[in-house]
Amino acid sequence: MGDGPAGDGGAADGRAAPPPPFDPELRAALTAAGAGARQPLTPENLAAWQERDAAARPRPTVAALRDGGRFEVAELDARGVRLVSARPAGAGGALPLLYYLHGGGLVTGNAWSVLPRLLRELAEPLGLAVVSVEYRLAPAARYPAAVEDCFAGLRWTAGHADRLGVDAGRIVVGGKSAGGGLAAALALLTRDRGGPVPAGQLLLSPMLDDRNDTFSAHQLAGHDTWDRTSNATAWRAALGERRGAPDLPPYAAPARAADRSGLPPAYVEVGSAETFRDEAVAYADALWRAGGEAELHVWPGAFHGFDTFAPGAALSRDAREARIRWLRRILAR
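Quick caveat, the model's predicted, so the values are computed rather than measured.

Some remarks on the overall build of the protein
- Secondary structure summary: the protein contains 13 helices and eight strands in total.
- Since a compact globule built from 333 residues should have a radius of gyration of about 20 Å, the 19 Å found for the protein is in line with a globular shape.
- Overall, the protein is about 55 × 45 × 35 Å in size when its C-alpha atoms are taken along their principal axes.
- Within the protein, the fraction of its 333 residues that count as buried is 58%.
- Considering only residue pairs separated by 6 or more positions, the protein has 77% of its internal contacts joining residues 24 or more positions apart.

Rendered as structure tokens:
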């Protein structure tokens, strides 16, 4: 048996299929990163992985994030959920807001280390405020801890929009990898709990399906930087014995949602050579089938985290520009 129940019925073919080729620039960056870049996450190395990630991604101080006065930054307590709020210095009026959920497979990462790049690449060119969420990590805190932290933080942020200088009607929820999955879950949760209603959802290589049994999950096993072994380990850490259960709520794994109607416009991005390819494409398709709006980008030859490994590559630049164009259109509505 595989790591979970059948997802798309094509898993057997995926096991035998060769992986799509990596983009040449991305392949060179991955080779330069060394063998450790594709070391899988396993139950046995999870604790060491978390320790190594904490050392590799230290939390920058508020002073460092302010970058000599370039940005206004504050740490906030939203009834027990820690938030980091940041905006371009001197930007007046109520700014649109990117409510951001960091990646890290639900087991690593923090709200601070993602901010320098977000501020440089999105907040400054678009005149955006950003709130980054420090949600609880697995396995110390399992579902529903992370998504409930994200929901509590969003509700607090929307309720204190005037204090934060943001426009509560122009909040985009977004994230990468595990954060993308949490953003999709948050869109479902806000719909079902009656708000606050996001203006859009920015889903970058989202981690959506605990069953881990799509064609691409099998096809990219042992090739992607985040492969089927790592994915199974992370989902087990987050869900425990509930992983793969037929009655798992969609707020735990958004691919389980039977009803995708009434959700905010989505930007869905994934690589063609990525484990999450098929679940991301299926999610965009499900939004269309429900009468919703989704912009889907499948970057050719891209693996998981490609723009972090090779930020200067042509494909990474194209991806950043596409995100900015979508955000600009959504926030202009």
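And the narrative resumes.
Some words on the sheet that holds strand β2 (residues 81-88)
- Within the open sheet, the eight strands sit side by side as β1-β2-β4-β3-β5-β6-β7-β8. Their pairing is mixed. Either end of the sheet is taken by a strand with one partner, and the two such strands are β1 (71-78) and β8 (294-299). With direction set aside, neighbouring strand axes in the sheet form an average angle of 20°.
- Running over the sheet, helix α5 (residues 115-126) touches β1, β2, β3 (95-101), β4 (129-134) and β5 (166-176) and is turned about 45° from β2.

A word on the packing of aromatic side chains
- Overall, the coordinates contain three aromatic pairs when judged by the stated rule.
- Taking the centre distance of 5.2 Å and the plane angle of 75° together, the rings of F22 and F303 count as edge-to-face. Taken as a pair, F22 in the loop between α1 (11-16) and α2 (24-33) and F303 in the loop between β8 and α12 (306-309) lie far apart in primary sequence, 281 residues in all. As far as burial versus exposure is concerned, F22 and F303 are alike and both buried.
- Centre to centre, the rings of Y267 and W326 are 5.7 Å apart; their planes meet at 50°, and the pair counts as tilted. Of this pair, Y267 sits in strand β7 (residues 266-271) while W326 sits in helix α13 (residues 314-331); the two residues are 59 residues apart in sequence, bridging distant segments of the chain.
- Y267 gets classed as buried once you look at its relative accessible area, which sits at 0%.
- Cluster of aromatic residues (ring-pair linked, three or more members): F22, F303 and F309.

Quick look at helix α6 (residues 145-159)
- With 15 residues, α6 ought to run about 21 Å at 1.5 Å a step, and its terminal C-alpha atoms sit 21 Å apart, in line with that.
- Counting buried residues in α6 gives 11 out of 15 residues, a clear majority hidden from the surface.
- Those residues of α6 not exposed but buried are A145, A146, V147, D149, C150, F151, G153, L154, W156, T157 and A158.

So, the packing of α6 against helix α8 (residues 178-193)
- At a minimum axis distance of 10 Å, the contact between α6 and α8 shows a crossing angle of 60°. Relative to α8, the element α6 lies oblique. For the pair α6 and α8, the crossing hand works out as right-handed. Each of A146, V147, E148, C150, F151 and L154 in α6 lies in contact with α8, whose residues at this interface are L182, A185, L186, L189, T190 and R193.

Thoughts on the side chain of Q219
- Tracing the backbone shows Q219 in helix α9 (residues 215-219).
- Among residues more than four places away in sequence, those in contact with Q219 are G14, A17, P18, P19, P20 and R277.

Some words on the pairing of β4
- Of all the six residues making up β4, six are buried; the element is thus mostly covered by neighbouring parts of the structure.
- Residues A129, V131 and V133 point to one face of β4 and V130, S132 and E134 to the other, with burial holding for every one of them.
- Here β2 pairs with β4 via five bridges, running antiparallel. By the bridge assignment for β4, R82 is matched with E134.
- In this region the chain leaves β3, passes through α5 and returns to the parallel neighbour β4; the handedness of that crossover is right-handed.

Examining the nonpolar core
- Counting 63 residues, the largest nonpolar core has L83, Y99, L101, Y135, L182, L186 and Y283 as its most contacted members.
- If you tally residues by element for this core, the top one is α8, at nine residues.
- In this structure, L83 is in contact with A74, E75, L76, A78, Y99, V131, S132, V133, G153, W156 and T157, ignoring residues within four places of it in sequence.
- Formed by 45 residues, the second largest nonpolar core is a distinct cluster that contains L220, W299, I324 and W326.

Description of the pattern of salt bridges
- Here the structure, examined in full by the defined rule, presents 23 salt bridges.
- Note that R256 and D210 form a salt bridge whose closest N and O atoms lie 2.9 Å from each other. Of this pair, R256 sits in the loop between α10 (228-239) and β7 while D210 sits in the loop between β6 (200-204) and α9, and the two are 46 residues apart along the sequence.
- R256 gets classed as buried once you look at its relative accessible area, which sits at 16%.

A look at the confidence of the model for the protein
- Scored by pLDDT, the protein comes out at a mean of 95, with 96% of its residues at no less than 70.
- Under a pLDDT of 50 for its full length, residues 4-11 has, in the predicted model, 16 contacts with residues more than four places off or in other chains.

Rules used in this analysis
Residues numbered from 1 in each chain as written. Predicted model: local features only at pLDDT ≥ 70, side-chain atom pairs only at ≥ 80, totals over all residues. Heavy atoms only, no water. Helix = DSSP H or I, 4+ residues; strand = E, 2+ residues; numbered from the N terminus. Rg over C-alpha atoms; globule rule 2.2 N^0.38 Å. Buried < 20%, exposed > 50% of the residue type's maximum accessible area, 1.4 Å probe, protein only. Contact = heavy atoms within 4.5 Å. Pairing = 2+ DSSP bridges. Axes fitted to C-alpha atoms, helices over the stretch in contact; angles between N-to-C directions. Phe/Tyr/Trp six-rings, centres within 6.5 Å; stacked < 30°, edge-to-face > 60°. Expected span 1.5 Å × (residues − 1). Parallel < 35°, antiparallel > 145°, perpendicular 65-115°, else oblique. Left-handed = near helix turned anticlockwise from the far one by under 90°. Right-handed = clockwise from strand over helix to strand, strands pointing away. Core = buried A, V, L, I, M, F, W, Y, C linked by side-chain atoms within 4.5 Å. Salt bridge = Lys/Arg side-chain N within 4 Å of Asp/Glu carboxyl O. pLDDT = per-residue confidence, 0-100.

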